[in-house]
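Structural features, examined
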Amino acid sequence: MFKKITSIASISVASVLLLSACNQASPKEAAPAAQAANNQTQTAVDTKNPVAQDASKLQEEVQKLQDAISKKDAAEVKSLGKSINDTWLSFENAVRQAFPLEYTEVEKYEMPIFSASAYDKVDFESLKSNADKLHGALEQLKNAKPSTAGTSELLNKAVDNYKAFVDEQADSLAAQTKAFAEAVKAGDSELAKKEYTKARVYFETIEPIAESFGDLDPKIDARLADVEDESTWTGYHRIEKALWKDKSLKGQDQYADQLIKDTEELQKQIKGLKLEPKVMVAGAIELLNEAATSKITGEEEIYSRTDLVDLAANVNGSKTVYLAIIPALNEKNPQLADQLDKQFLATEELLRGHQKDGQYVTYDKLSTEQIRKISDQLSQLSTLMTQTASIL
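Residues numbered from 1 in each chain as written. Predicted model: local features only at pLDDT ≥ 70, side-chain atom pairs only at ≥ 80, totals over all residues. Heavy atoms only, no water.

Further remarks concern the pattern of salt bridges. For the structure on display, the rule yields 27 salt bridges. A salt bridge links arginine 200 to aspartate 221; the nearest nitrogen and oxygen atoms lie 2.8 Å apart. Here the residue arginine 200 occupies a position in helix 9 (residues 189-205), and aspartate 221 occupies one in helix 11 (residues 216-221), the gap between them amounting to 21 residues. For the pair arginine 200 and aspartate 221, a shared accessibility class is recorded, and that class is buried. In this structure, arginine 200 and aspartate 310 form a salt bridge, with 3.6 Å as the shortest nitrogen-oxygen distance. Within this pair, whereas arginine 200 is found in helix 9, its partner aspartate 310 is found in helix 15 (residues 307-324), the two being separated by 110 residues in sequence. One connected set of salt bridges, linked through shared partners, spans Arg200, Glu204, Glu207, Asp221, Lys295, Glu300, Glu301 and Asp310. (Salt bridge = Lys/Arg side-chain N within 4 Å of Asp/Glu carboxyl O. Helix = DSSP H or I, 4+ residues; strand = E, 2+ residues; numbered from the N terminus. Buried < 20%, exposed > 50% of the residue type's maximum accessible area, 1.4 Å probe, protein only.)

What follows is the structure, given as structure tokens:
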């Protein structure tokens, strides 16, 4: 994405501005404010700060996107998703170096918008949320000053931001699991199947964190092959079997109630968790290794065949860890940051190619060669993430 990056500690304000003005980023390898806040008067743009000017231009594009979303204009939404990405590419390198924390926030919401532009079916509700948050992140970027903090301080702040993300995911997991369980108890198989897939996204995104809490993870996520006595089996996959294989929800109320209890306990324990950068990275590495070597076989969702949903969530969760450690990468190994950025994008693009009408196809629809390609991409990601451990 760029040939040479200077250590964040040595970048002066003048050089940052020059970099922003001259930056010519190559295309990537895949071509929090509420809406009410957007209607308020925006802060004046610093005309001497090219990054602020670029952020303001991108904000204008986001406002057009918000209008298109409100009109449910799918064609315009897709067009703007691509143009927003092109605009961001034109100055993101300068942002990543001088404003690493702000970069993470913009990237967090810009990438889902760009990804959605390639979907057959537009999820307007999800896009609206991301567009609103992207607008707010750009407002923060416009007012940001080039960081003069040391890497350790920046990294601590980034870890705090990641913890906030994990807390948010845990909250959504508990809420979505309750919706799933209620559908199960109501005997509504079709609704339960839909809610199951939604809940799995949140769990798989923070799986490394969930695995750190003793027996909670197996109670929530054990497969039949993981238990010695089927009578002790609980969790998502117990109900998954009832839905897709047994095709009956009879007797599942007790497992639905237990799943609500266990995910709410996980939510509670995550709130009190203190995260460290090395632990975060180790979890992401382990998750990608597992995805590339065992989950890729289809062992995780053997009844529903929704394995691609899990794999995409694993990639997203690992990418969030990568974004959190950018301050350290900027200082110690910017080339690795560039490689990771491209590899995450390539993996996401490959997975997106297996969607139809905005949904991932079932795993049994993939050929052996397609599965091999996904495995290769995940393995490359795992190898690159492993290299980040030495800089923390």
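That was the structure; now back to the text.
Inspection of every chain in the model, using the stated rule, returns nine aromatic pairs. Considering the side-chain rings of tryptophan 88 and phenylalanine 91, the 5.3 Å spacing of their centres and the 90° angle between planes classify their relative orientation as edge-to-face. A residue is classified by how much of its surface remains accessible, and tryptophan 88, at 0% relative accessible area, is buried. Residue phenylalanine 91 is classed as buried on the basis of its relative accessible area, which comes to 0%. Three or more aromatic residues joined by ring pairs make a cluster, and in this case those are Phe180, Tyr196, Phe203, Tyr236 and Trp244. (Phe/Tyr/Trp six-rings, centres within 6.5 Å; stacked < 30°, edge-to-face > 60°.)

Here the focus is the packing of helix 15 against helix 18 (residues 368-388). Across the interface, helix 15 lies against helix 18 with an axial gap of 12 Å and an inter-helix angle of 20°. Comparing their axes, helix 18 and helix 15 come out roughly parallel. Where helix 15 crosses over helix 18, the two elements pack in a sense that is left-handed. The residues of helix 18 that touch helix 15, namely those facing Leu308, Leu311, Val315, Ser318, Val321 and Tyr322, are Ile374, Leu378, Leu381 and Met385. Split by residue class, the contact of helix 15 with helix 18 holds nine nonpolar, one polar and no charged. (Axes fitted to C-alpha atoms, helices over the stretch in contact; angles between N-to-C directions. Parallel < 35°, antiparallel > 145°, perpendicular 65-115°, else oblique. Left-handed = near helix turned anticlockwise from the far one by under 90°. Contact = heavy atoms within 4.5 Å. Nonpolar A, V, L, I, M, F, W, Y, C, P; charged D, E, K, R; others polar.)

At their nearest, the axes of helix 4 (residues 74-89) and helix 7 (residues 124-143) sit 13 Å apart, and the two run at 30° to each other. Taken together, the axis directions place helix 4 and helix 7 in an arrangement best described as roughly parallel. Crossing handedness for the pair helix 4 and helix 7: left-handed. Here Ala74, Val77, Ile84 and Trp88 of helix 4 lie close against helix 7, whose contacting residues are Phe124, Leu127, Leu134 and Leu141. Across the contact of helix 4 with helix 7, the residue classes break down as eight nonpolar, no polar and no charged.

End to end, helix 14 (residues 277-293) covers 24 Å across 17 residues, agreeing with the expected 24 Å (1.5 Å per residue, within 8%). What helix 14 keeps buried is the set Pro277, Met280, Val281, Gly283, Ala284, Ile285, Leu287, Leu288, Ala291 and Ala292. In this structure, the buried residues of helix 14 make contact with helix 8 (151-185), helix 9, helix 10 (207-210), helix 15 and helix 18. (Expected span 1.5 Å × (residues − 1).)

With that out of the way, let us pick up the environment of lysine 82. Relative to the helices and strands, lysine 82 is located in helix 4. For the pair lysine 82 and phenylalanine 114, spaced 32 residues apart in sequence, the C-alpha to C-alpha distance is 5.8 Å.

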